[in-house]
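# Coordinates in review
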Amino acid sequence: MTARLIDGKTIAADIRQEVGEGVEELIAAGGPRPGLATVLVGENPASQTYVRMKRKVCGELGIESFGHELPADASQEEVEKLVKELNADPKVHGILVQLPLPAGLDEEAILRAIDIEKDVDGFHPVNIGRLAQKGREPLFVPCTPAGCITLLKKAGAELEGANAVVAGRSNIVGMPAALLLVKENATVTICHSRTRDLASVCREADILIAAIGRPEMIRGDWIKPGAYVIDVGINRVDDPEAKRGYRLVGDVAFDEAKEIAEAITPVPGGVGPMTIAGLMQNTLRSARRAMS
Ligand code: GUN
């Protein structure tokens, strides 16, 4: 069997198009131009690339982008002061503090300083807390996990009552993905590097979200036949034949898994593009809320 490919690139392009139209409609209705402020502390090359990509897509969709860069040795007070200024700026509807922050900064305190009405990343402790509680709704949901759920639904996965396994428990992906799956009425198992038998836990999964950050760790024989597999991993592996000397692979051994799964995301072109599309959706939503 060869799995259906879940095409995140196309699905994300459709979402971006909808957001672009939504921006025009909001402005035509007398609303504000949505604005996203990015805060990049230090010079982590991957973070620089992600922020550049986010700002570029803002430009394409008519969202104003305000880029703020602080040196790696910025103090806690400096970062929090900037966040508070952005909270008070009516042109800013979303504030994104790119993670990870340099060592020594208190990430939780910085995320807590963001006005929850502008927390388009959904990482404020109140928004995460609401995500974890029954009957409570966060104002924003983290973009990568939300993208995973969108891809599952678009692929036709039945989430209600399904056995869902999330491999990885990070604050950015694994944990919020598990919480979202609970909200969808799935039966959720979170497994991680200390899990005794990862393979056998994964084999029970009707829905498998892989977010462990280890290249191709999840093998084909870990996949339950007919499962829906969402691969969040983006890992560089050396490849002398590739132009750049490396290629990108996910956390799942794609060529093996595609023979077993019902549907699977590719890397790249699966979850990756969904993160930015979700961020743009959240920024538009925030600007709409500011208008009303
Ligand atoms: N670092 C990796 N992913 C993300 C994300 O979605 N948002 C932020 N702010 N930082 C990240």
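Residues numbered from 1 in each chain as written. Predicted model: local features only at pLDDT ≥ 70, side-chain atom pairs only at ≥ 80, totals over all residues. Heavy atoms only, no water.

## Examining the sheet that holds strand 7 (residues 207-210)
Here six strands make up an open sheet; going across it, the order is 1-11-8-7-5-6 and the pairing parallel. Among the strands making up the open sheet, the edge pair consists of strand 1 (4-5) and strand 6 (187-191). Taken together, the two bridges between strand 8 (residues 228-231) and strand 11 (residues 263-264) define a ladder with parallel strand orientation. Bridge pairing in strand 11 links Y228 to A263. Docked against the sheet, helix 6 (residues 143-154) engages strand 7 and strand 8, running at close to 150° with respect to strand 8. (Pairing = 2+ DSSP bridges. Helix = DSSP H or I, 4+ residues; strand = E, 2+ residues; numbered from the N terminus. Contact = heavy atoms within 4.5 Å. Axes fitted to C-alpha atoms, helices over the stretch in contact; angles between N-to-C directions.)

## Thoughts on helix 6
For helix 6, spanning 12 residues, the distance from its first C-alpha to its last is 16 Å, which sits close to the expected 16 Å at 1.5 Å a residue. Taken as a whole, helix 6 has its buried residues at C143, T144, P145, G147, C148, I149, L151 and L152. The inward-facing, buried residues of helix 6 abut helix 1 (8-28), helix 7 (174-183), strand 7, strand 8 and helix 10 (272-291). Two residues or fewer past helix 6, G156 is found with a positive phi of approximately 90°. (Expected span 1.5 Å × (residues − 1). Buried < 20%, exposed > 50% of the residue type's maximum accessible area, 1.4 Å probe, protein only.)

## Description of the layout of surface pockets
By volume, the largest pocket is sized at about 1,700 Å³. Contributing to the lining of the largest pocket are 49 residues, with Y50, M53, I234, G272 and T275 lying nearest its centre. For the lining of the largest pocket, the secondary-structure elements that each account for two or more residues are helix 1, helix 2 (45-61), strand 4 (94-97), helix 6, strand 10 (246-249) and helix 10. For the lining of the largest pocket, a count of residues per class yields 26 nonpolar, 12 polar and 11 charged. In terms of lining residues, the second largest pocket is bounded by 23 residues, among which V141, A146, I149, T150 and L180 are the most central. Those elements that provide at least two residues to the lining of the second largest pocket are helix 6, helix 7 and helix 10. (1 Å grid on protein atoms, 1.4 Å probe; cavity = no way out; pocket = protein on both sides within 12 Å on 5 of 7 lines; lining within 4 Å. Points joined across faces, edges and corners; volume = space filled by probe spheres on them. Nonpolar A, V, L, I, M, F, W, Y, C, P; charged D, E, K, R; others polar.)

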